[in-house]
Amino acid sequence: MATSDVHVRVCEQEILKYDLEIKALIQDITECDGPQSKLSEINTDVKKHFHNLRLRIQDFERMAMEQDKESDKQALLSQVEGHRKQMLSNQTAWRKANLASKLSIDKMEKETLLNGADGAMRKRKMTKEGLAQTASNITENLMSISRMMAQQVQQSEDTITTLATSSRTIQETNEEFKAMTGTIQLGRKLITKYNRRELTDKLLIFLALALFFATVLYILKKRLFPFL
């Protein structure tokens, strides 16, 4: 269904969003020049993002298993596998970034704090701005999908209202048809009754005329032919 497809798209957008945010945090770890407490804070944030990403991948897998078509199910499961591989790749990159950052911090402690700091800051700013812009675009897509879901719900409500109105109109028309049928049947009975009465009246008139003519003939017979 259309609504189910929207939920799948929302879930996939959130997976991509967490993936990009994790990559941004790994980049922060790679460029972290200390102190150690700062590195620990970033790692804590990375763990939270991995936890959320894992939950969303599980949700995506559940939606895939609920698909009616086998082809859709297999296609989504293939995406689930791809997202899991990407998560494992990010975990590997995270471990490598931590190791490299620790080595870098140890080295930086032996060097001048200001040496090359400006260039590193500019590079970090450009990388984070790009990833932040991508995350912002994904957020806008999620909002657009949410608005589309609301429009679909409103359209469904309008359709249900229209169907209910049509049902009432059909029911009222049916009742009027029944009333008209009853009226027609009553008229038919009255016409039949009047036809029968007309036939009876004609028969009575015929008998009255026959009696009248018989009486006239009898009188004429008595007066004109009394000997008969």
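Residues numbered from 1 in each chain as written. Predicted model: local features only at pLDDT ≥ 70, side-chain atom pairs only at ≥ 80, totals over all residues. Heavy atoms only, no water.

Quick look at the overall build of the protein
Part 1: Within the protein one finds four helices and zero strands.
Part 2: Its helices and strands taken in sequence order, the protein reads α-α-α-α from the N to the C terminus.
Part 3: Looking at the 228 residues of the protein, the share that counts as buried comes to 22%.
Part 4: For the protein, long-range pairs separated by at least 24 residues make up 80% of all intrachain contacts whose partners lie at least 6 apart in sequence. (Helix = DSSP H or I, 4+ residues; strand = E, 2+ residues; numbered from the N terminus. Buried < 20%, exposed > 50% of the residue type's maximum accessible area, 1.4 Å probe, protein only. Contact = heavy atoms within 4.5 Å.)

Structural notes on the packing of aromatic side chains
Part 1: Under the criterion given, the structure shown has two aromatic pairs.
Part 2: Considering the side-chain rings of F50 and W94, the 5.5 Å spacing of their centres and the 40° angle between planes classify their relative orientation as tilted. Residue F50 is found in helix α2 (residues 36–65), and its partner W94 is found in helix α3 (residues 70–108); the two are separated by 44 residues along the sequence. Exposure class is identical for F50 and W94. Each is buried.
Part 3: Here F212 and F213 contribute two aromatic rings whose centre-to-centre distance is 5.6 Å and whose plane-to-plane angle is 65°, an arrangement assigned as edge-to-face.
Part 4: The aromatic ring of Y18 is capped on one face by K17, whose charged end is 5.8 Å from the ring centroid. (Phe/Tyr/Trp six-rings, centres within 6.5 Å; stacked < 30°, edge-to-face > 60°. Lys NZ or Arg CZ within 6 Å of the ring centre and 35° of its normal.)

Describing the side chain of D28
Part 1: For D28, the location among the structural elements is in helix α1 (residues 2–31).
Part 2: Not counting residues within four places of it along the chain, the set of residues in contact with D28 comprises I42 and K128.

Re α2
Part 1: The end-to-end C-alpha distance of α2 is 44 Å, a good match for the 44 Å that 30 residues give at a rise of 1.5 Å each.
Part 2: When α2 is considered as a whole, its buried residues turn out to be L39, I42, N43, V46, H49, F50, L53, R56, I57, F60, M63 and A64. (Expected span 1.5 Å × (residues − 1).)

A closer look at the packing of α2 against α3
Part 1: Remark: α2 packs on α3, axes separated minimally by 9 Å, with the N-to-C direction vectors making an angle of 170°. Considered as vectors, α2 and α3 are oriented roughly antiparallel to each other.
Part 2: By residue class, the composition of the contact of α2 with α3 is 14 nonpolar, eight polar and six charged. (Axes fitted to C-alpha atoms, helices over the stretch in contact; angles between N-to-C directions. Parallel < 35°, antiparallel > 145°, perpendicular 65-115°, else oblique. Nonpolar A, V, L, I, M, F, W, Y, C, P; charged D, E, K, R; others polar.)

Looking at the nonpolar core
If you look at soluble globular proteins, the nonpolar side chains tend to sit buried side by side.
Part 1: Judged by nonpolar contacts, the single largest core of 23 residues is most densely connected at I29, V46 and F60.
Part 2: Secondary-structure elements contributing two or more residues to this core are α1, α2 and α3.
Part 3: The biggest single contributor to this core is α2, with nine residues.
Part 4: Residues contacting F60, with those up to four places away along its chain left out, are V8, C11, E12, I15, L76, Q79 and V80. (Core = buried A, V, L, I, M, F, W, Y, C linked by side-chain atoms within 4.5 Å.)

So, a nonpolar patch on the surface
Part 1: A cluster of nonpolar residues, I205, L209, F212, F213, V216, L217, L220, L224 and F225, forms a patch on the protein surface that exposes about 890 Å² of accessible area.
Part 2: Assignment of secondary structure puts I205 in helix α4 (residues 117–224).
Part 3: In this structure I205 comes out as exposed when scored by relative accessible area, which is 52%. (Patch = residues over 30% accessible without salt bridge, like charges linked within 9 Å, V, L, I, M, F, W, Y side chains within 5 Å. Areas by Shrake-Rupley, 256 points an atom, 1.4 Å probe, with all protein chains shown as cover. Salt bridge = Lys/Arg side-chain N within 4 Å of Asp/Glu carboxyl O.)

Here's the deal with the pattern of salt bridges
Part 1: Considering all chains together, one arrives at six salt bridges under this definition.
Part 2: For the salt bridge of E66 with R62, the shortest nitrogen-to-oxygen distance reads 3.4 Å.
Part 3: By relative accessible area, which is 51% here, E66 ends up exposed.
Part 4: According to the relative accessible area criterion, R62 is partly exposed, its value standing at 41%.
Part 5: Three or more residues joined by partner-sharing salt bridges are found here, namely E14, R56 and D59.

A short note on the confidence of the model for the protein
Part 1: Of the residues in the protein, 82% have a pLDDT of 70 or more, and the chain-wide mean is 81.
Part 2: At the low end of the mean pLDDT range in the protein sits α4, at 73; at the high end sits α2, at 94. (pLDDT = per-residue confidence, 0-100.)

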